[in-house]
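# Structural characterization, general
So the chains spell out like this:
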Amino acid sequence: MLNTVLGSFSSGVAASTSSYESIATGTGTGLSATISFTSIPSTYKHLQIRGIAKDTFANSNVFGMYVTFNSDTGSNYASHRLGGDGASTYANGYATQTSIELRSYSVGNSATNIMGVSIMDVIDYASTSKYKTLRSAGGVDKNGSGNIELCSGLWQNTAAITRIDLVTSGTLWSSSTTFALYGIKG
Amino acid sequence: MATTYEKIATTTLSSSTATITFSSISSAYTDLRLVLTATASGGTKFLKFNSSATGYSNTYILGDGSSATSGRSTSYPRLDLNSQDSGSSTPSLDTVDIFSYAGSTYKTCLIESSHDLNGSGQVMREVGLWSNTAAITQIDLSVAGNTWSTGTTATLYGILKA
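Residues numbered from 1 in each chain as written. Chains lettered and ligands numbered in written order. Predicted model: local features only at pLDDT ≥ 70, side-chain atom pairs only at ≥ 80, totals over all residues.

### Quick look at the overall build of chain A
From N to C terminus, chain A includes zero helices and 13 strands. Taken from N to C terminus, the helices and strands of chain A fall in the order β-β-β-β-β-β-β-β-β-β-β-β-β. In terms of overall size, chain A behaves like a compact globule, its C-alpha atoms giving a radius of gyration of 16 Å where 186 residues would be expected to give roughly 16 Å. Overall, the C-alpha framework of chain A stretches about 45 × 35 × 35 Å when taken along its three principal axes. Relative to its 186 residues, chain A shows a buried fraction of 51%. (Helix = DSSP H or I, 4+ residues; strand = E, 2+ residues; numbered from the N terminus. Rg over C-alpha atoms; globule rule 2.2 N^0.38 Å. Buried ≥ 20, exposed ≤ 12 C-beta atoms within 10 Å, placed from the backbone.)

### Observations concerning the sheet that holds strand β12 (residues 164-168) of chain A
Residues and elements named next belong to chain A. Read across the open sheet, the four strands follow the order β3-β12-β5-β8; overall the sheet is antiparallel. The open sheet has two edge strands with one neighbour each: β3 (34-37) and β8 (100-107). On average, adjacent strands in this sheet sit at an angle of 25° to one another, irrespective of strand direction. When β3 meets β12, the two strands line up antiparallel, connected through four bridges. If you follow S36 over to β12, its bridge partner there is D165. (Pairing = 2+ DSSP bridges. Axes fitted to C-alpha atoms, helices over the stretch in contact; angles between N-to-C directions.)

### A closer look at the sheet that holds strand β4 (residues 45-49) of chain B
Neighbouring strands of a sheet are bound in pairs by backbone hydrogen bonds; such pairs are parallel or else antiparallel. All names here are of chain B. Across the sheet, which stays open at both edges, the four strands sit in the order β2-β11-β4-β7 with antiparallel pairing between neighbours. Single-partner strands in this sheet number two, and they are β2 (19-22) and β7 (79-80). Relative to strand β11 (residues 139-143), β2 runs antiparallel, the two sharing four bridges. Directly across from T19, in β11, lies its bridge partner S142.

### Comments concerning the interface of chain B and chain A
Taken together, the contact pairs 34 residues of chain B with 39 residues of chain A. The set of elements that each furnish at least two residues to the side of chain B that touches chain A consists of β5 (56-63), β6 (68-76), β8 (92-99), β9 (107-116) and β10 (121-130) of chain B. No other element matches the seven residues that β6 of chain B contributes to the side of chain B that touches chain A. Partitioned by chemical class, the residues of the side of chain B that touches chain A number eleven nonpolar, 17 polar and six charged. (Contact = placed C-beta atoms within 7 Å. Nonpolar A, V, L, I, M, F, W, Y, C, P; charged D, E, K, R; others polar.)

### Side note on the confidence of the model for chain B
Per-residue confidence for chain B averages 93 on the pLDDT scale, and 94% of its residues sit at or above 70. Two numbers describe this predicted complex: its pTM, 0.93, and its ipTM, 0.94. (pLDDT = per-residue confidence, 0-100.)

Rendered as structure tokens:
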């Protein structure tokens, strides 16, 4: 089972006058497989998470991550994805899952100086009348190999999202990993 | 202190130009986002960092209205934004998110290119790599064998994390 110790956080910044605000940043520790954002305020319309990620696994494989909301590990998630590996494309979808799996978002620790990158949008996250949808793009390029992927995810729950857990599909989030959570005003 | 999401600079061309340059980019942000709305009379759009002509690679997926393909370049002298010629009158839209541009690892970006020509066109997503640990302080946007047309607009934003 994956380690669920929380990653560390840096402090927030003062609210700006723009419609795009930084809420919190989660940083890998090398000791945990999970980076969590908790007590997310409902004062925004949408959320965005920008990630730059590496796994501690001692190879150069491409890794993904599992996303859950509000600590729900029931079979309430679904996802679809479209991706490419530089030679061929793939598309697939999964229903009734215990998390939203996002692939191609991180890379093993042996890939020196290489990082996985991603942008995830969680739409209308504070609604109490709609299921929640995310969209994301992520990729890793290693100068000769790598993957790019687009994904949509569904959480079949009408609760406002107050917590997001990001669990690596590898071993642990490296200390060079950072996920930054932003709020977008409506 | 820089704000969370801030425009750094913008350019709208009043005459055809070979290269659009953002220089002396501050290291005050976490990420950069480049938004390009462009026309040109042909040629592949590309960018370079810090005037470097080495060390670029990418992996992409592309749909052209009839099929989806994936491809890549390795050890290339530039980072292409897409493989389709820019249109002379119908603008394309490109966004380039450059992560940890001032950090000490190689620089990775996510690129989205969209171009519809009413019967032809492409949409593409790409992960690009510049195998260089230097902080990015300059971005040059060019069109292979051609120039940007009048009205082309490029805007560079800085994004700051908590």
